[in-house]
Amino acid sequence: MKKKALITGINGQDGSYLAEWLLANGYEVHGLVRSEAFAKPKERLNNILPVLDSIKLHVGDAHDSIYITQLISSIRPDEIYHLAANSFVSHALDAEPAIVEYNFNSTHYLLASIKAYHPSCRFYFAGSSEMFGAAENSPQNELTPFNPRSIYGISKMAGAILSKNYRRTHNLFTCNGILYNHESVRRGLSFVTRKITSSVAKIACGQLHELELGNLEAKRDWGYAPEYVEAMWLMLNQESPDDYVIATGKLHSVREIVECAFSCVNLDYQNYVKVNPAFHRANEAVSLVGDSSFAQQQLNWRPQKNIFSIIEEMVTHDIEAIKQEVVL
Ligand code: GDP
C-alpha cells in the first residue's frame, strides 16, 4: 500500500518541492488549495503544473473546520504537512487579526480532526525563525525561547505551541520545523532574493533600469528550499516526534546578495541599485541565525547549497523565463 500524504499550501514554493519529493518516494500525494487558486491557475498553480496529473487536488479552506474534518476522514493520510499560512508582513490593523486567525485556527482544526478521527496520522507544522524574533542568544537552537516581534511570528509561535501540546497531552506524532529563510527559483517575487534576481534578469534583458531596495545591511540565514523540504519529511519519519531548527548557520547581507546577482550578468550593482526608505522595516536590529546541529545529528540532514550558488541559479532561471516571455 502506498503511503498517503496531505499537503496544505501545495502550490507554494515548499509545497511544490515537497510534493515532488514525496511522489519520487512512492507516496500518494493529496494537496489542499484555496478556490481562488483556480481563478488564476497560471499564476497560482504554476509551481505544481508539472505534477498536476500525479497528485490529487482538493479545493477548500484549511480554515473551515467542517471541511477539514471531512477531508481527513475521507483521505486518512499517513502524514499531513501543514504549510499553508497567511504570511503577509503587514502592520495594518485590519490585516493582523486575519493573519492570526487563519494561521492559528487552521492548525487547530487539523490537529483536532487528527485527534478525533485519525490519531495515527503524523503532523508537520511549518514553524519559522520569526518565532525567535528578538532572540536572547545567537545562534538560536531548539532551546532558545521564542520572542516574536511580528504578528506572523506570533501566529506561528501559537501554532507551534499548540502542535507541541497535542504531542504531549494527546500523544499525537507532531513535529515543528523551525525553518530559516529558504530560497529557490520558485520563491515569491516579493521576497528580497527573488525581487533581486528577477530585477537583475530584467535589467540584463533591457526591460528595467533601476532596482529599489530597503536596508542593504540587513542579514539573513538563507538556505535552499528543496533541501529544507527533505528535512520536513525526515522529521515525520523518525521513531519519535520532536522540534528541529533547519538553517545554514551562516549570515549574509542583502548587499552581498545584490553584488552576487549583478556579478552573474557582469554588471556593477552600484550603477543600478537605489535605496528607498519605503522598503525599510521597523525593528530589524537582530539578525537571526540558526544552529541546526540537532537536525544534523538526529536526521542526518545538512545544508548543502550555499546562497551564492542559489542566487546564480535564480538569475539564470529568471533570464531564461524572460526570454520565453514569462511575465515576472
Ligand atoms: P523575510 O525574512 O521573510 O522578511 O524575507 P524577505 O526576503 O522579505 O526579507 C529579507 C530581508 O531583506 C529583510 O531583512 C528585509 O528588510 C531586507 N530587504 C531589504 N530590501 C528589501 C526589499 O526591497 N524587499 C524585501 N522583501 N526585503 C528587503
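Scoring rules and cut-offs
Residues numbered from 1 in each chain as written. Predicted model: local features only at pLDDT ≥ 70, side-chain atom pairs only at ≥ 80, totals over all residues. Heavy atoms only, no water. Salt bridge = Lys/Arg side-chain N within 4 Å of Asp/Glu carboxyl O. Helix = DSSP H or I, 4+ residues; strand = E, 2+ residues; numbered from the N terminus. Buried < 20%, exposed > 50% of the residue type's maximum accessible area, 1.4 Å probe, protein only. Near = heavy atom within 4 Å. Polar contact = N/O pair within 3.5 Å; in protein donor to acceptor, adjacent residues only side chain to side chain. Nonpolar A, V, L, I, M, F, W, Y, C, P; charged D, E, K, R; others polar. Disulfide = S-S within 2.5 Å. Pairing = 2+ DSSP bridges. Axes fitted to C-alpha atoms, helices over the stretch in contact; angles between N-to-C directions. Parallel < 35°, antiparallel > 145°, perpendicular 65-115°, else oblique. Left-handed = near helix turned anticlockwise from the far one by under 90°. Contact = heavy atoms within 4.5 Å. 1 Å grid on protein atoms, 1.4 Å probe; cavity = no way out; pocket = protein on both sides within 12 Å on 5 of 7 lines; lining within 4 Å. Points joined across faces, edges and corners; volume = space filled by probe spheres on them. Phe/Tyr/Trp six-rings, centres within 6.5 Å; stacked < 30°, edge-to-face > 60°. Domains from an automatic or database assignment. Buried area = accessible area lost by both parts, 1.4 Å probe.

(A) Representation of the pattern of salt bridges in the model. Here the structure, examined in full by the defined rule, presents nine salt bridges. Among the salt bridges present, the one from Arg 167 reaches Asp 243, with a minimum N-O distance of 2.4 Å. Residue Arg 167 is found in helix 6 (residues 151-170), and its partner Asp 243 is found in strand 11 (residues 243-246); the two are separated by 76 residues along the sequence. Like Arg 167, the residue Asp 243 is buried in the burial classification. Lys 305 is the salt-bridge partner of Glu 313, the closest N and O atoms lying 2.6 Å from each other.

(B) Fine view of the site of the ligand. As a structural note, the neighbourhood of the ligand is formed by 14 residues, with Val 192, Lys 195, Arg 220, Arg 281 and Glu 284 the closest of them. A distance of 2.8 Å separates an oxygen atom of the ligand from a polar backbone atom of Val 192. Here a nitrogen atom of the ligand and a backbone polar atom of Gly 214 are 2.8 Å apart. For the shell around the ligand, the class distribution of residues is six nonpolar, four polar and four charged.

(C) Geometry of the state of the cysteines. Inspection of every chain in the model, using the stated rule, returns zero disulfides. This cysteine, Cys 121, is not joined by any disulfide, and Cys 175 carries the nearest cysteine sulfur, 11 Å off. Given the relative accessible area of 1%, Cys 121 is considered buried. Cysteine Cys 260 is unpaired, with the sulfur of Cys 264 as its nearest cysteine sulfur at 4.6 Å. Judged by relative accessible area, which is 12%, Cys 260 ranks as buried.

(D) Highlighting the pairing of strand 11. Here strand 11 shows a buried face lined by Asp 243 and Val 245 and a second buried face lined by Tyr 244 and Ile 246. When strand 6 (residues 174-179) meets strand 11, the two strands line up parallel, connected through four bridges. Within strand 11, the residue paired with Asn 176 across the bridge is Asp 243.

(E) Local environment of the packing of helix 4 (residues 65-75) against helix 5 (residues 96-117). Contact geometry of helix 4 with helix 5 gives a least axis separation of 9 Å together with a crossing angle of 45 degrees. In this view, helix 4 runs oblique relative to helix 5, as classed from their interaxial angle. Once helix 4 is placed against helix 5, the crossing between them reads as right-handed. Between helix 4 and helix 5, the contacting residues are Ser 65, Ile 68, Thr 69, Ile 72 and Ser 73 on the first element and Tyr 109, Leu 110, Ser 113, Ile 114 and Tyr 117 on the second. Split by residue class, the contact of helix 4 with helix 5 holds six nonpolar, four polar and no charged.

(F) The layout of surface pockets, seen in detail. Each pocket or cavity is described by its volume, and for the second largest pocket that value is around 150 Å³. Along the wall of the second largest pocket there are 14 residues; nearest its centre are Glu 142, Thr 144, Phe 146, Lys 164 and Asp 243. Going through the elements one at a time, helix 6 and strand 6 are the ones with two or more residues in the lining of the second largest pocket.

(G) Structural view of the packing of aromatic side chains. Summed over the entire model, instances satisfying the criterion amount to seven aromatic pairs. Taking 5.5 Å as the distance between ring centres and 45 degrees as the angle between the ring planes, the aromatic pair formed by Phe 132 and Phe 146 counts as tilted. Here Phe 146 lies in the loop between strand 5 (122-128) and helix 6 and Phe 132 lies in the loop between strand 5 and helix 6, a separation of 14 residues in the sequence. With a relative accessible area of 30%, Phe 146 lands in the partly exposed category.

(H) Inspection of the domain arrangement of the protein at higher detail. Here the protein is partitioned into domain 1 (4-182 + 224-246) and domain 2 (188-220 + 250-288 + 307-327). Placing a centre on the C-alpha atoms of domain 1 and another on those of domain 2 gives a separation of 28 Å. In this complex, domain 1 contributes ten residues to the contact, which on the side of domain 2 involves eight residues. Three residues stand out in domain 1 for area buried against domain 2, namely Arg 149, Asn 181 and Tyr 224, and they jointly supply 52% of the buried area on that side. On inspection of domain 1 and its partner domain 2, the count reaches zero salt bridges. Inspection of the domain 1/domain 2 interface yields one residue pair in polar contact (both at pLDDT 80 or more). Of the residues assigned to the side of domain 1 that touches domain 2, the class counts are five nonpolar, four polar and one charged.

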